[in-house]
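Observations on chain architecture
Here is what each chain is made of, one letter per residue.
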Amino acid sequence: MSYAGTTTLSSKGQVVIPEEIRSRLGLQAGTQFVVIADRDVVIFKVLEPPSLKEFKGLTKRARRIAEETGLTRAEVDKAIVKTRQTK
């Protein structure tokens, strides 16, 4: 089901999500979103952390792929350091 509302961009780049939409979707302060823009369309997608079961599955898959491609632990550590430095 879709919900629509209007809002305004503030001078600080902030957007208020209308109260009715926040209530219907259960959005609370601190909810994180990924923001996608394409031409004149902006989409806010709620970021939801995976459950512990899903996380274990993702980790298992990542380890299997790393083994299959010959990626070493040292290469992974180096990539992590590099990524953290760019933030």
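Residues numbered from 1 in each chain as written. Predicted model: local features only at pLDDT ≥ 70, side-chain atom pairs only at ≥ 80, totals over all residues. Heavy atoms only, no water.

Notes on the pairing of strand β1 (residues 33-38)
Bridge analysis of β1 against strand β2 (residues 41-46) gives 6 bridges, and the strand direction is antiparallel. From the neighbouring strand, Asp38 faces β2, where its bridge partner is Val41. Between β1 and β2, which follow one another and run antiparallel, lie 2 residues, and Arg39 among them has a positive phi close to 55°. (Pairing = 2+ DSSP bridges. Helix = DSSP H or I, 4+ residues; strand = E, 2+ residues; numbered from the N terminus.)

A few points about the pattern of salt bridges
The full count for this structure, using the stated rule, is 4 salt bridges. For Glu20, the salt bridge goes to Arg24, with nearest N and O atoms at 2.9 Å. Residue Glu20 and its partner Arg24 are both found in helix α1 (residues 19-25); the two are separated by 4 residues, about one turn of the helix. Overall, the relative accessible area of 46% leaves Arg24 in the partly exposed class. As a salt-bridge pair, Asp38 and Arg39 come within 3.7 Å of each other at their nearest N and O atoms. Residue Asp38 is classed as partly exposed on the basis of its relative accessible area of 46%. (Salt bridge = Lys/Arg side-chain N within 4 Å of Asp/Glu carboxyl O. Buried < 20%, exposed > 50% of the residue type's maximum accessible area, 1.4 Å probe, protein only.)

Quick look at helix α2 (residues 52-69)
For α2, with 18 residues, the first-to-last C-alpha span of 26 Å sits near the 26 Å given by 1.5 Å per residue. Counting buried residues in α2 gives 1 out of 18 residues, a small share hidden from the surface. The positive-phi residue at the C-terminal boundary of α2 is Gly70, with phi of around 80°. (Expected span 1.5 Å × (residues − 1).)

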